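# Descriptive structure summary
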Amino acid sequence: MTTTVVAGNPKPASRTLDAGERLAEALTGRPADHVIDVVELGPGLLGWGDETVTAAVETVRASSLAIFASPTFKATYTGLLKLFLDQFAGGTGLRGVVSVPLMLGAGPGHALAPDLLLKPVLSELGGTCALPGLYLVDSTYTEDSVLTGYAQRWAPTVAALTGR
């Protein structure tokens, strides 16, 4: 099984990236094979055919499990993540990839955002979105049990879906 974390935070090496890496390890029992900090792809995201962006897209497409992480920004996921997701073919771009939406925010007011806003996009791109989205409070996710509880509940499903 190949696991990739995609973090769409405009800040490099963000808490969003950290949360994605923690979730990948909690769901699979090992660190992610690939980590894509989308901000590092730079202006290549604004067009088509950039070699670095294309390689990142292919890395995700070849994954068994991909965690798509974003901070909550204006009540939804970031435009940066949207630019990256726009590089995938509609309907087939994530075919065969178990896709997990993960969002972080300042409080519980946007707790439904991963399922209401990010999950439909991942589904539209052909991702297998069998798990509910996960929302974490960015100031407490390293101390509370939300991520651990989610992983304990859904790791068997991930294993079954990815043939692990």
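Residues numbered from 1 in each chain as written. Predicted model: local features only at pLDDT ≥ 70, side-chain atom pairs only at ≥ 80, totals over all residues. Heavy atoms only, no water.

## Regarding the pattern of salt bridges
The condition that has to hold: The rule for a salt bridge is simple: a side-chain nitrogen of Lys or Arg has to be within 4 Å of a carboxyl oxygen of Asp or Glu. Runs of E in the DSSP output that reach at least two residues are strands. Runs of H or I that reach at least four are helices, and both are numbered from the N terminus. The buried label applies to any residue whose accessible area, calculated with a 1.4 Å probe on protein chains only, is under 20% of its type's maximum; exposed applies above 50%, and partly exposed to all values in between.
The tally for this structure, following the rule as stated, stands at 6 salt bridges. Of the charged contacts in the structure, one is a salt bridge between Arg-61 and Glu-58, with a shortest N-O distance of 3.7 Å. Of this pair, Arg-61 and Glu-58 both sit in helix H2 (residues 51–61), separated by 3 residues, roughly a single helical turn. On the basis of relative accessibility, which here comes to 43%, the residue Glu-58 falls in the partly exposed class. Across the pair Lys-119 and Asp-115 runs a salt bridge whose closest N-O atoms are separated by 3.7 Å. Taken as a pair, Lys-119 and Asp-115 lie in helix H4 (residues 113–124) at a separation of 4 residues, close to a single helical turn.

## Details of the UniProt feature "domain: NADPH-dependent FMN reductase-like" (unreviewed entry) in the chain
Just so we agree on the cut-off: UniProt positions are given in the numbering used here, feature names are shortened, and annotations may be inferred rather than shown by experiment.
According to UniProt, the positions carrying the feature "domain: NADPH-dependent FMN reductase-like" (unreviewed entry) are residues 1–138. Between the C-alpha atoms that bound residues 1–138 there is a distance of 28 Å. The span itself is 32% helix and 20% strand.

## Comments concerning the layout of surface pockets
To be explicit about the condition: A 1.4 Å probe that fits into a set of points on a 1 Å grid over the protein atoms alone but cannot get out defines a cavity; an open set with protein on both sides within 12 Å along at least five of seven lines defines a pocket, and lining residues are those with an atom within 4 Å of a point. Grid points are joined across faces, edges and corners, and a volume is the space filled by probe spheres set on the points. Polarity classes work like this: nonpolar for Ala, Val, Leu, Ile, Met, Phe, Trp, Tyr, Cys and Pro, charged for Asp, Glu, Lys and Arg, and polar for all others, with Gly in that last group.
By volume, the largest pocket is sized at about 210 Å³. As for the largest pocket, its lining consists of Asn-9, Pro-10, Lys-11, Ser-14, Arg-15, Thr-16, Pro-71, Thr-72, Phe-73, Thr-78, Leu-104 and Asp-138. Partitioned by chemical class, the residues of the lining of the largest pocket number 4 nonpolar, 5 polar and 3 charged.

## Section: the sheet that holds strand S5 (residues 134–137)
Quick reminder of the rule: Two strands are said to pair when DSSP picks up at least two bridges between them. Interaxial angles span 0 to 180 degrees and are taken between N-to-C directions of axes, which are lines fitted to C-alpha atoms, for helices over the stretch in contact. Residues are treated as being in contact if the distance between any of their heavy atoms lies within 4.5 Å.
Taken in spatial order, the 5 strands of this open sheet run S2-S1-S3-S4-S5, and their pairing is parallel. With partners counted over all chains shown, the strands left at the sheet margins are strand S2 (34–37) and S5, one partner each. Each strand axis lies, on average, 20° off the axis of its neighbour in the sheet, ignoring direction. Relative to strand S4 (residues 98–105), strand S3 (residues 65–71) is paired through 7 bridges, and the arrangement is parallel. The residue bridging Leu-65 from the neighbouring strand is Val-98, located in S4. Sitting on the sheet, H2 is in contact with strand S1 (3–7), S2 and S3, with an inclination near 135° to S2. Against the sheet, H4 engages S3, S4 and S5, with an angle of about 145° to S4.

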